Amino acid sequence: MATKYIFFTGGVVSSVGKGVTAAAVGRLLKDLGFQVAVQKLDPYINVDPGTMSPYQHGEVFVLDDGAETDLDLGHYERFIDVRLNKVCNITTGQVYAEVIGKERRGDYLGGTIQVIPHITNEIKRRIAMVSKTTGAEIVLIEVGGTVGDIESLPFLEAIRQVRTEVGRENTMYVHVTWLPYIGATGELKTKPTQHSVRELRSIGISPDMIVARSDYPVDESLREKIAVFCDVDKRAVVPMVTTPVLYEVPLLVQKAGVGEYIVQRLGLQPRQQLNWQEWENLVEEVKRPKPAIKVALVGKYVELHDAYISVREALKHAALHAGVELELSWVHSAELEKGRGLDELKHVDGIIVPGGFGSRGIEGKIMAARTARTEKIPYLGLCLGMQLMVVDFARAVLGDESANSTEFDRATGNPVIDLMPEQNAITDMGGTMRLGLYPCKLQPGTIAAKAYGEDLVQERHRHRFEFNNTYRKQFEDLGMRFSGLSPDGRLVEIAELSDHPFMVGTQFHPEFLSRPNRPHPIFQAYINAVCERAGVEYHKPKAAKK
Ligand code: GLN
């Protein structure tokens, strides 16, 4: 069948959950038996978000092939349970870099290079790459930003052209908007949606469906009004009321008849009956009152929870499967350095130190690792969290408080975490880390090996620094186990302590591969250890296989 395209644009305001809506629709179509992939078009000029501060952009989500992408790709992978690739996130920066590169090589033979057609053609070429590289039959495409932004215009023009090229029957435009609530009169307002649709029309795109996000129930008359003013079928006006349960969105989308409408509109025959039992059970389990466990996440971007979104989701997945409620406290590592909150940290059931870069707040994270080690609190270190667990251990066993990673102290006498030789000569910051999927061999009898129940796993990486092998033998003798190694034995992928209930650090980012219905084994083992510490009843799950 011809590839079908569903485009998602945003109206009225940003952050209305376009990414989650696209992900939920993707899930629905996958469960109807179609091969689905999602692509995000980001209008900013950075080549990728890899060089952006998490304060600007939230988390950087890493794919198997090492692409550093927008956090929406995390929603897509988690909801739809797919593995995406680097063509699934494109930016203005990438598009222009490609076109300018061709111009310099002389590929345009004297032509004048313009937004239309050169930039829009390059965007369309990249849109077409999705089905070619993933085999997807239905490609969902989310345009970042809000209609009316100057920088998204070339993307909107490109997606408009796609309809004329592949046909109306193969394309659909979904506009996701926001209905503001006026407290004084107690009303939801549709006017901003009408304006936004008019704006979209003025650039030649008529939406086929409007998803109207709202914090309050949307009644029938409002749906009718939107349908009439925006010229879409009433069935295609989908009210989407805010839910505290993220994974309920696919069910809401389904209940609103979105699946049927899309299938009909695109002339598709569902290949299988929807079976949502597993998903419904999941949502029911989220809502069920459960015993609580307290986990402290120690980081330096904690004001912005989106900076750690995959870590939070992975913890939630594992807690859900253990049948417990995750109470996550966000601890600022710089506060710990000032002596604030360290005592409270001793009373949590688990500590987690996620990834990060740069020296701000580093000592606070080392304090967190120290507290976990000395108080025997379950600890999970992810990438930087693993490196700092090693630094704390080094300081304790070597009796040298200045032991460090050379990322934070180039002159340290004990560089227990150091640059890989191949990183020494690199000067460019963008896309030059150890990125993407690498194999990791598990050492029998370790906590990590038991958690996985497998000998060889593949995990996603994003770092420059590594455990310094000069210390390997010595640390092993002192109680650190290197439970995961690269198959050639050269790189430490997982470290753990032997005389501790659960102190595990991974050089990779397991959080990127956790799924709501299939928690990551390392997160599951960690949460189980946290439950033991908290003394709460939990389901001992069957070995979670990836
Ligand atoms: N800054 C560390 C490194 O580059 C850790 C990176 C991370 O946590 N993702 O190795």
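A quick note: this is a predicted structure, and the numbers were derived from the prediction, not measured. (Residues numbered from 1 in each chain as written. Predicted model: local features only at pLDDT ≥ 70, side-chain atom pairs only at ≥ 80, totals over all residues. Heavy atoms only, no water.)

### Notes on a nonpolar patch on the surface
Taken together, Tyr96, Ile100, Val115 and Ile116 make up a surface patch of nonpolar side chains, about 330 Å² in accessible area. Looking at the nonpolar patch, the elements that each hand over two or more residues are helix H4 (92–105) and helix H5 (115–134). If you trace the backbone, isoleucine 100 turns up in helix H4. Among the residues examined, isoleucine 100 registers a relative accessible area of 48% and is labelled partly exposed. (Patch = residues over 30% accessible without salt bridge, like charges linked within 9 Å, V, L, I, M, F, W, Y side chains within 5 Å. Areas by Shrake-Rupley, 256 points an atom, 1.4 Å probe, with all protein chains shown as cover. Salt bridge = Lys/Arg side-chain N within 4 Å of Asp/Glu carboxyl O. Helix = DSSP H or I, 4+ residues; strand = E, 2+ residues; numbered from the N terminus. Buried < 20%, exposed > 50% of the residue type's maximum accessible area, 1.4 Å probe, protein only.)

### A few points about the nonpolar core
In terms of nonpolar packing, the biggest core is built from 77 residues, with Ile6, Leu29, Ile127, Leu140, Ile159, Met209 and Ile262 touching the most fellow members. Contacts of isoleucine 127, omitting those with residues within four sequence positions, involve Tyr5, Phe7, Gln39, Leu41, Ile141, Ile159 and Val162. In terms of nonpolar packing, the next biggest core, distinct from the first, is built from 41 residues, Ala322, Ala448, Val530 and Val536 among them. (Core = buried A, V, L, I, M, F, W, Y, C linked by side-chain atoms within 4.5 Å. Contact = heavy atoms within 4.5 Å.)

### Observations regarding the sheet that holds strand S17 (residues 415–419)
Spatially, S16-S17-S20 is the arrangement adopted by the three strands of the open sheet, whose pairing is mixed. Each edge of the open sheet carries a strand with a single partner, namely strand S16 (404–405) and strand S20 (465–467). The sheet contact formed by S16 and S17 spans two bridges and is parallel. In the strand pairing of S17, serine 405 is matched with isoleucine 417. Across the sheet, helix H16 (residues 384–398) touches S16, S17 and S20, and the angle it forms with S17 is around 150 degrees. (Pairing = 2+ DSSP bridges. Axes fitted to C-alpha atoms, helices over the stretch in contact; angles between N-to-C directions.)

### Comments concerning the environment of leucine 491
Assignment of secondary structure puts leucine 491 in the loop between strand S21 (480–485) and strand S22 (492–497). Separated by 130 residues in sequence, leucine 491 and glycine 361 place their C-alpha atoms 26 Å apart. For leucine 491, the contacting residues outside a window of four places in its chain are Arg434, Glu466, Arg472, Gly484, Leu485 and Ser486.

### Quick look at the site of the ligand
The environment of the ligand is made up of Gly355, Gly356, Phe357, Cys383, Leu384, Gln387, Glu407, Arg462, His463, Arg464, Phe465 and His509. Here glycine 356 contributes a backbone N or O atom positioned 2.9 Å from an oxygen atom of the ligand. A distance of 3.0 Å separates an oxygen atom of the ligand from a polar backbone atom of leucine 384. Starting from 290 Å² of accessible surface for the ligand in isolation, the protein chains cover 98%. Put simply, the parts of the chain that give the shell around the ligand at least two residues each are H16 and strand S19 (456–463). In terms of residue class, the shell around the ligand is made up of four nonpolar, five polar and three charged. (Near = heavy atom within 4 Å. Polar contact = N/O pair within 3.5 Å; in protein donor to acceptor, adjacent residues only side chain to side chain. Nonpolar A, V, L, I, M, F, W, Y, C, P; charged D, E, K, R; others polar.)

### Some remarks on the side chain of histidine 57
Tracing the backbone shows histidine 57 in helix H2 (residues 54–57). Judged by relative accessible area, which is 13%, histidine 57 ranks as buried. Only 3.2 Å separates the side chain of histidine 57 from the side chain of aspartate 70, close enough to count as a polar contact. Excluding its chain neighbours within four sequence positions, the residues that come into contact with histidine 57 are Tyr44, Pro49, Met52, Asp70 and Leu71.

### Digging into the packing of aromatic side chains
The full count for this structure, using the stated rule, is 16 aromatic pairs. Summarising the aromatic geometry, the rings of tyrosine 181 and tyrosine 216 are spaced 3.7 Å apart at their centres and angled 20 degrees between planes, so their arrangement reads as stacked. With tyrosine 181 in strand S8 (residues 181–182) and tyrosine 216 in the loop between strand S10 (209–214) and helix H8 (220–230), the pair connects residues that are 35 residues apart, well separated along the chain. Relative to tryptophan 279, the ring of tryptophan 276 has its centre 6.3 Å away and its plane inclined at 85 degrees; by these criteria the two rings are edge-to-face. Side by side, tryptophan 276 and tryptophan 279 carry an identical accessibility label, which is buried. Chaining the aromatic ring pairs together yields one cluster made of Phe393, Phe467, Tyr471, Phe475 and Phe482. The ring centre of tyrosine 438 lies 4.5 Å from the NZ or CZ of arginine 434, which sits over that ring. A cation over a ring is seen here: lysine 540 above tyrosine 538, with NZ or CZ 4.7 Å from the ring centre. (Phe/Tyr/Trp six-rings, centres within 6.5 Å; stacked < 30°, edge-to-face > 60°. Lys NZ or Arg CZ within 6 Å of the ring centre and 35° of its normal.)

### With respect to helix H3 (residues 72–80)
Of all nine residues in H3, nine are buried; the element is thus mostly enclosed. Regarding H3, the residues found buried are Asp72, Leu73, Gly74, His75, Tyr76, Glu77, Arg78, Phe79 and Ile80. Looking one or two residues past H3, aspartate 81 carries a phi angle of roughly 60 degrees, positive in sign.

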